[in-house]
Amino acid sequence: MIAILLVEDDPGDVLMTREALEGTGLASRLNVVGDGAQALDFLYKRGEYTDAPTPDLILLDLNLPKVHGREVLAQVKDDPQLRQIPVVVLTTSEAEEDVLHSYDLHANAYVTKPVDFEQFVKVVRHIDDFFVSIVRLPRR
């Protein structure tokens, strides 16, 4: 069982992600924050997140309020305590600049969110399957 941190400001996308993970048994290990500042507080265990679990996987939207997703990604990958956590950028942006910049910041994957619910669920389940069943994650 892996702990997932979903950094997403769209309640509809949060709901769809949660529903997609319910079929895999991971919904109970899904933590959700709604902006980049909350994500950093969660990861650094500040404020209301002092007891937050260290996630095994981060699903990160780019277009976030307060602190942009690119900044969250940059801080995670620059921190020796956090950089081993795989970060999957899961965003609506198809801009090549966003793709290149995310990989320059060492994102582990870049996935464009499908607008269709069925396709969205399929994509989230593929991410789950890859990071839970195929790859080996560091122990926490």
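The model shown is predicted, which means the values in this text are computed figures rather than measured ones.

### Section: the environment of V132
Then, number 1: Within the secondary structure layout, V132 lies in helix α5 (residues 117-134).
Then, number 2: Here V132 falls in the partly exposed class, since its relative accessible area comes to 38%.
Then, number 3: With 121 residues separating them along the chain, V132 and P11 place their C-alpha atoms 25 Å apart.

### With respect to helix α3 (residues 69-78)
Structurally, the α-helix is built with 3.6 residues per turn, so residues lying three or four positions apart point the same way.
Then, number 1: Turning to α3, its buried residues number three or more, namely G69, V72, L73, V76 and K77. Each buried residue of α3 lies within a common arc of 120° when the element is viewed along its axis, so the set occupies one face.
Then, number 2: Residues of α3 that are buried in the fold lie against α2 (36-43), β3 (57-60), β4 (87-91) and α4 (96-104).

### Topic: unusual backbone geometry
Then, number 1: Of note, K45 is a non-glycine position whose phi angle comes to about 55°, a positive value.
Then, number 2: Structurally, the position occupied by K45 is in the loop between α2 and β3.
Then, number 3: A positive phi is found at H106, a non-glycine position, where the angle reads about 75°.
Then, number 4: Turning to its location among the elements, H106 is positioned in the loop between α4 and β5 (109-112).
Then, number 5: A relative accessible area of 54% means that H106 is categorised as exposed.

### Regarding the sheet that holds strand β1 (residues 4-7)
Hydrogen bonds between backbone groups are what pair the strands of a sheet, and the pairing can be parallel or antiparallel.
Then, number 1: The 5 strands are arranged β2-β1-β3-β4-β5 in an open sheet whose pairing can be described as parallel. Edge positions in the open sheet fall to β2 (30-33) and β5, since each of these has one partner strand only. Neighbour-to-neighbour, the strand axes of the sheet open up by a mean angle of 20°, direction not taken into account.
Then, number 2: As paired strands, β1 and β2 are joined by 4 bridges and run parallel to one another. Across the sheet, residue V7 finds its bridge partner in β2, namely V33.
Then, number 3: Packing of α4 onto the sheet brings it into contact with β4 and β5, and relative to β5 it is tilted by some 155°.

Cut-offs and rules
Residues take numbers from 1 onward in each chain, read along the sequence in its written order. With pLDDT at 70 or above as the cut-off, local features in this predicted model cover only qualifying residues; side-chain atom pairs require 80 or more to be listed or tallied, and sums for whole chains, interfaces and linings still use all residues. Values shown for side chains rest on all heavy atoms present in the structure; no hydrogens or waters enter the calculation. A run of DSSP states H or I qualifies as a helix once it reaches four residues; a run of E qualifies as a strand once it reaches two. Both are numbered from the N-terminal end. Only protein chains enter the calculation, and the probe is 1.4 Å; a residue is then buried if its accessible area is under 20% of its type maximum, exposed if over 50%, and partly exposed in between. This arc is built from the directions going out from the helix axis to the C-beta atoms. In what follows, a contact means two residues having at least one pair of non-hydrogen atoms within 4.5 Å. We treat two strands as partners when DSSP finds at least two bridges between them. Interaxial angle, 0 to 180 degrees, is taken between N-to-C directions of lines fitted to C-alpha atoms, where a helix line uses only the stretch in contact.

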